[in-house]
Amino acid sequence: MPPSSDRTTAATRPANGSSGVQSLERAFDLLERMADAGGSVGLSELSGSSGLPLPTIHRLMRTLVACGYVRQQPNRRYALGPRLIRLGESSARLLGTWARPHLARLVEETGETANMALLDGDEVVYVAQVPSRHSMRMFTEVGRRVLPHSTGVGKALLAHLPADEVRALLSRTGMPAATEKTITRPDDFLTALEEVRASGYAMDDNEQEIGVRCLAVSVPDSPTAAAISVSGPAGRLTEEATGRIVPLLREVAAELSETLTGDGTPS
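Description of the structure in this document. All residue numbers refer to position in the chain's written sequence, counted from 1. Whole-chain, interface and lining totals are the exception, using all residues; otherwise, since this is a predicted model, local features are given only for residues with pLDDT of at least 70 and side-chain atom pairs are given and counted only at 80 or more. To obtain the side-chain values, all non-hydrogen atoms of the structure were included, while hydrogens and water were left out.

Observations regarding the overall build of the protein
We count a stretch as a helix when DSSP gives it H or I for four or more residues in a row; a strand needs E for two or more, and each element gets its number in order from the N terminus. For the protein, the helix and strand inventory stands at 8 helices and 9 strands. Out of the 267 residues in the protein, the part that is buried amounts to 43%. Residue contacts are counted whenever heavy atoms from the two residues lie within 4.5 Å of one another. For the protein, restricting intrachain contacts to residue pairs at least 6 apart in sequence, the fraction spanning at least 24 positions comes to 57%. For every accessible area listed, the method is Shrake-Rupley and the probe measures 1.4 Å; residues are considered covered only by the protein chains on display. If you sum the accessible surface of the protein, you get close to 13700 Å²; carbon and sulfur atoms cover 52% of it. Burial classes follow relative accessibility: with a 1.4 Å probe on protein chains only, a residue under 20% of its type's maximum area counts as buried, one over 50% as exposed, and anything between as partly exposed.

What to know about the environment of L237
Relative to the elements of secondary structure, L237 occurs in the loop between strand 9 (226-233) and helix 8 (239-261). For L237, a relative accessible area of 1% puts it in the buried group. Along the sequence, L237 and D205 sit 32 residues apart, while their C-alpha atoms lie 9.7 Å from each other. Excluding anything up to four places from it in sequence, L237 contacts E112, R213, C214, V230, S231, G232, T242 and I245.

Concerning the pairing of strand 4 (residues 113-120)
Across the 8 residues of strand 4, 7 count as buried, placing the element largely inside the fold. As defined by bridge partners, strand 4 adjoins strand 9 across 6 bridges and the pair is classed as antiparallel. Looking across to strand 9, one finds that A114 is bridged to V230. Two strands make a pair as long as DSSP finds a minimum of two bridges between them. Note: strand 4 against strand 5 (residues 123-130), 7 bridges, orientation antiparallel. The residue bridging A114 from the neighbouring strand is V130, located in strand 5. The antiparallel pairing of strand 4 with strand 5 creates a hairpin that spans 2 residues between the two strands, and G121 there sits at a positive phi of about 65°.

Some remarks on the sheet that holds strand 2 (residues 70-72)
Pairing within the open sheet is antiparallel, and its 3 strands lie in the order 1-3-2. The two strands at the open ends of the sheet, each matched to only one other strand, are strand 1 (40-41) and strand 2. Pairing analysis gives 3 bridges linking strand 2 to strand 3 (residues 78-80), with the strands arranged antiparallel. Directly across from R71, in strand 3, lies its bridge partner A79. Angular values range over 0 to 180 degrees, each being the angle between N-to-C directions of two axes fitted as lines to C-alpha atoms, with helices fitted over their stretch in contact. Along the sheet, helix 1 (residues 22-36) makes contact with strand 1, strand 2 and strand 3, crossing strand 3 at roughly 90°.

Considerations on the environment of R145
Within the secondary structure, R145 sits in strand 6 (residues 145-146). On the accessibility criterion, R145 (42% relative accessible area) is partly exposed. Each C-alpha atom, one on R145 and one on E123, is 6.3 Å from the other, the two residues being 22 residues apart in sequence. The residues touching R145, leaving out its near neighbours within four places in the chain, are D120, E123, V124 and V125. A 3.5 Å cut-off defines polar contacts: any pair of N or O atoms within that distance qualifies, except that in protein one atom must be a possible hydrogen donor and the other a possible acceptor, and neighbouring residues in sequence count only when both atoms are side-chain atoms. A polar side-chain atom of R145 sits 2.6 Å from a polar atom in the side chain of D120. Looking at R145, its side chain comes within polar contact range of the side chain of E123, at 3.3 Å.

Quick look at the pairing of strand 9
Of all 8 residues in strand 9, 8 are buried, a share of seventy percent or more. Direction of pairing for strand 8 (residues 212-218) relative to strand 9: antiparallel, over a ladder of 7 bridges. By the bridge assignment, C214 is partnered in strand 9 with S231.

Description of the pattern of salt bridges
When a carboxyl oxygen of Asp or Glu lies within 4 Å of a side-chain nitrogen of Lys or Arg, that pair is called a salt bridge. Applying the stated criterion across every chain, the model contains 16 salt bridges. R105 is the partner of E251 in a salt bridge, and the nearest nitrogen-oxygen pair spans 2.6 Å. Here R105 lies in helix 4 (residues 83-110) and E251 lies in helix 8, a separation of 146 residues in the sequence. Note that K155 is salt-bridged to E207, the shortest N-O span being 2.8 Å. Highlighted residues: K155 in helix 5 (residues 152-158) and E207 in the loop between strand 7 (202-205) and strand 8, separated in sequence by 52 residues. Through salt bridges with shared partners, a single ionic network connects R105, E109, E251 and E255.

Notes on helix 8
With 23 residues, helix 8 should cover 33 Å at 1.5 Å per step; its first-to-last C-alpha distance of 33 Å lies within 8% of that length. Throughout, bend refers to the angle between the axes fitted to the seven residues that end at a position and the seven residues that start at it. The largest bend along helix 8 reaches roughly 25° and is located at I245, with the proline P247 sitting one to four residues downstream. Every buried residue belonging to helix 8 is among A241, T242, I245, V246, L248, L249, V252, A253, L256, S257, T259 and L260, and all of these are buried. To estimate how far a helix should reach, multiply one less than its number of residues by 1.5 Å.

Right under this line is the structure:
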């Protein structure tokens, strides 16, 4: 999700446009801005970022609180409510369902395990996987959460963020070494992200697990930050294999983007 400052403010959207009910658009916009801010905000912060007057925000927040999507804390700040968890979990399951046909194509054409992951807060969460048919294969449990600095999907996801946001994330999570090849210095990681942007793909080269390589690309224009990857033994994911797999990853990512931004029906 892009930062609130990068979105059109709710106050400047056309009131009578064809995009839908204005109050509903504004309510969802406020929820997104709360998520951008870490899940908890004050009314004045929402007013400043959205451009809406305080009375309008207060009225919308009262409705969201009554529905359970927002809760008011003792300090009078508002936080995202627990009812959103159910919506998020259901949406994540559907996301995996829509992604699997695309991941299956990757497995069919590369022979290696294919994954889809999202950036959820400061962590990467795997939401879908189709395993390789090889007896020696990589397996990552759907629902598993990892820190982004040691994974290909994490690099692919963070490469699109400003450097100061990446530094802030790394300061919150730390950069523990999963292996001797894990990047553990912020400056080195930012250099790695520059390489991702230049090459158009990310690689985890024995950084999460010795003997394993992972190639990843982000899903363009995804409604939420997403990446897909192919992972396997380093002996199979050679430089020659990388040259074949990366163009396919990009092609599949573009097709998956069409699925996610369309009517939700796999192509």
